[in-house]
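# Survey of secondary and tertiary structure
Listed below, chain by chain, are the residues.
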Amino acid sequence: MRRSYDTVRSRRRPHGLVAVLPVLLGLATVAAQIAFPLVDGDALRDVTIAVVVLFAAANVAHAWAHRGAAWAAGLLVLTAGFGLVVEAIGVRTGLPFGDYGYDDSLGTRLLDVPLIVPLAWTMTAYPVLLAARSLSYRWAPVLGAVGLAGWDVFIDGQMVDDGRWQWSDPTPVVPGVPGLPLSDVAGWLVAGLVLMALLHAVLPHQRASQAVPGALYLWTFAAYVVGNVFFFGQASVAVTGGVAMGLLAVPYAWWLWQERP
């Protein structure tokens, strides 16, 4: 039987701390994101790391509560593990993102990759996977790749602006995003397609709650647009990133609205 969003259902009903923890971590993520444009220096670095850790933790906690411990463990291992391997290859060979390097401010490294970076893959992959599967089960890996690449336009654009990493030759650049080469977007489309296909094949599709990851995903989308216009003075980044991330975020927002109780 063909699996679809409507035919594979979750019977999990989380209770107590298991149910509340994703919400608490989600709220902490939002608080850290709000603090991001209000600090600088070492505090900005600490907030940057906190956003990634809290968002990834909220994702894993939510997956555990609503999809089970094995599903959540698979999500963490596959996303962080894949991210580590791809980034380690990237900093050594320039493939698939281009010739880039990390600043020392991001902390402890493994295989020349700051440990916070693989968690960023976990941060983005879970809500994007749910969004892509919601819109089209058959085309979920392709939609997911578009979603990851679009989100990365905002992330890498901000990290380049903050000096967290940079490309040796960022040309040709993504229109409106200084310092971000088109090779990075192309690399994310390729790597994202592989990761999404892997997650889609390994992690069972379930009709279960999307409240926390969906809300965080759409809040983050809106926050990036507003932040770049009013706090960072980068309206061009807001436009380019808004279009790129909005390719998945906007249809998903409409889907969630249509599916509301």
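Predicted model, so just to flag it, every value in this text is computed and none were measured.

Along its length, the chain carries 8 helices and 4 strands. Taken from N to C terminus, the helices and strands of the chain fall in the order α-α-α-β-β-β-α-α-β-α-α-α. The C-alpha radius of gyration of the chain comes to 17 Å, within 12% of the 18 Å expected for a compact globule of 261 residues. C-alpha atoms of the chain, sized along the principal axes, occupy 50 × 35 × 35 Å. Sequence separation of at least 24 residues holds for 75% of the intrachain contacts in the chain that already meet a minimum separation of 6. Of the roughly 11900 Å² that the chain leaves accessible, carbon and sulfur atoms contribute 68%. Of the side chains in the chain, 15 bear a positive and 16 a negative charge, and the two mean positions are spaced by 23 Å.

Here the idea is simple: oppositely charged side chains can pair when their charged atoms come close. Applying the stated criterion across every chain yields a total of 5 salt bridges. Between D46 and R45 there is a salt bridge, with the nearest N and O atoms lying 3.1 Å from each other. The exposure class assigned to D46 is partly exposed, which follows from its relative accessible area of 43%. A salt bridge links R207 to E259; the nearest nitrogen and oxygen atoms lie 3.6 Å apart. Taken together, the positions of R207 in the loop between α6 (182-202) and α7 (211-230) and E259 in the segment after α8 (235-258) put the pair 52 residues apart, joining distant regions of the chain.

So, on to the nonpolar core. If you look at the biggest cluster of nonpolar residues, it comprises 66 residues, and the most contacted ones within it are W121, W151, W165, L199 and Y217. With 10 residues, helix α4 (residues 116-135) is the largest single contributor of residues to this core. In this view, W165 contacts G101, Y102, D103, L106, V117, D156, M159 and V160; residues no more than four positions away in its chain are not counted.

Here we come to the packing of aromatic side chains. Considering all chains together, one arrives at 14 aromatic pairs under this definition. A centroid spacing of 5.7 Å and a plane angle of 65° characterise the contact between F82 and W121, whose relative ring orientation is edge-to-face. Of this pair, F82 sits in helix α3 (residues 69-93) while W121 sits in helix α4, placing them 39 residues apart in sequence. The exposure class assigned to F82 is buried, which follows from its relative accessible area of 16%. Of the residues examined, W121 reaches a relative accessible area of 1% and is grouped as buried. Here W121 and W188 contribute two aromatic rings whose centre-to-centre distance is 4.3 Å and whose plane-to-plane angle is 20°, an arrangement assigned as stacked. You can see W121 sitting in helix α4 and its partner W188 sitting in helix α6, a full 67 residues away along the chain. You can call W188 buried: its relative accessible area is 7%. Taken together through their ring pairs, the aromatic side chains of F82, F97, Y100, Y102, W121, W165, W167 and W188 make up a single cluster. Positioned above the aromatic ring of W257, the side-chain terminus of R260 is 3.8 Å from the ring centre.

Position of H62 relative to the elements: it lies in helix α2 (residues 41-67). A polar side-chain atom of H62 sits 3.2 Å from a polar atom in the side chain of S209. Not counting residues within four places of it along the chain, the set of residues in contact with H62 comprises P22, R67, Y126, S209, Q210, A211, V212 and P213.

With that settled, the discussion passes to the packing of helix α1 (residues 16-35) against α7. Where α1 meets α7, the axes come as close as 10 Å, and the angle between the chain directions of the two elements is 10°. Considered as vectors, α1 and α7 are oriented roughly parallel to each other. Mapping the contact onto sequence places P22, V23, G26, T29, V30, Q33 and I34 in α1 and V212, L216, W219 and T220 in α7. Partitioning the contact of α1 with α7 into residue classes produces 7 nonpolar, 4 polar and no charged.

The subject of this paragraph is a nonpolar patch on the surface. Together, I34, L38, W219, V226, V229, F230 and F231 give the surface a local cluster of nonpolar side chains, amounting to about 720 Å² of exposed area. By residue number, the principal contributor to the nonpolar patch is α7, which donates 4 residues. By the secondary structure assignment, V226 is in helix α7.

The interhelical angle for the contact between α4 and helix α5 (residues 140-162), taken along N-to-C directions, is 140°, at an axis separation of 8 Å. It follows that α4 is oblique to α5 by the angle criterion. Here α4 and α5 pass one another in a crossing that is right-handed. Where α4 approaches α5, its residues M123, T124, A125, P127, V128, A132, R133 and L135 are matched on the opposing element by A140, L143, G144, G147, L148, W151 and I155. A per-class count over the contact of α4 with α5 returns 11 nonpolar, 3 polar and 1 charged.

To continue, consider the confidence of the model for the chain. Averaged over all residues, the pLDDT of the chain is 94; the fraction at 70 or higher stands at 95%. A low-confidence stretch, residues 1-9 stays under pLDDT 50, and its non-local contacts, those more than four residues away or across chains, total 19 contacts.

The rules behind the values
- Residues numbered from 1 in each chain as written.
- Predicted model: local features only at pLDDT ≥ 70, side-chain atom pairs only at ≥ 80, totals over all residues.
- Heavy atoms only, no water.
- Helix = DSSP H or I, 4+ residues; strand = E, 2+ residues; numbered from the N terminus.
- Rg over C-alpha atoms; globule rule 2.2 N^0.38 Å.
- Contact = heavy atoms within 4.5 Å.
- Areas by Shrake-Rupley, 256 points an atom, 1.4 Å probe, with all protein chains shown as cover.
- Lys, Arg positive; Asp, Glu negative; His and termini not counted.
- Charge placed at Lys NZ, Arg CZ, Asp CG, Glu CD.
- Salt bridge = Lys/Arg side-chain N within 4 Å of Asp/Glu carboxyl O.
- Buried < 20%, exposed > 50% of the residue type's maximum accessible area, 1.4 Å probe, protein only.
- Core = buried A, V, L, I, M, F, W, Y, C linked by side-chain atoms within 4.5 Å.
- Phe/Tyr/Trp six-rings, centres within 6.5 Å; stacked < 30°, edge-to-face > 60°.
- Lys NZ or Arg CZ within 6 Å of the ring centre and 35° of its normal.
- Polar contact = N/O pair within 3.5 Å; in protein donor to acceptor, adjacent residues only side chain to side chain.
- Axes fitted to C-alpha atoms, helices over the stretch in contact; angles between N-to-C directions.
- Parallel < 35°, antiparallel > 145°, perpendicular 65-115°, else oblique.
- Nonpolar A, V, L, I, M, F, W, Y, C, P; charged D, E, K, R; others polar.
- Patch = residues over 30% accessible without salt bridge, like charges linked within 9 Å, V, L, I, M, F, W, Y side chains within 5 Å.
- Left-handed = near helix turned anticlockwise from the far one by under 90°.
- pLDDT = per-residue confidence, 0-100.

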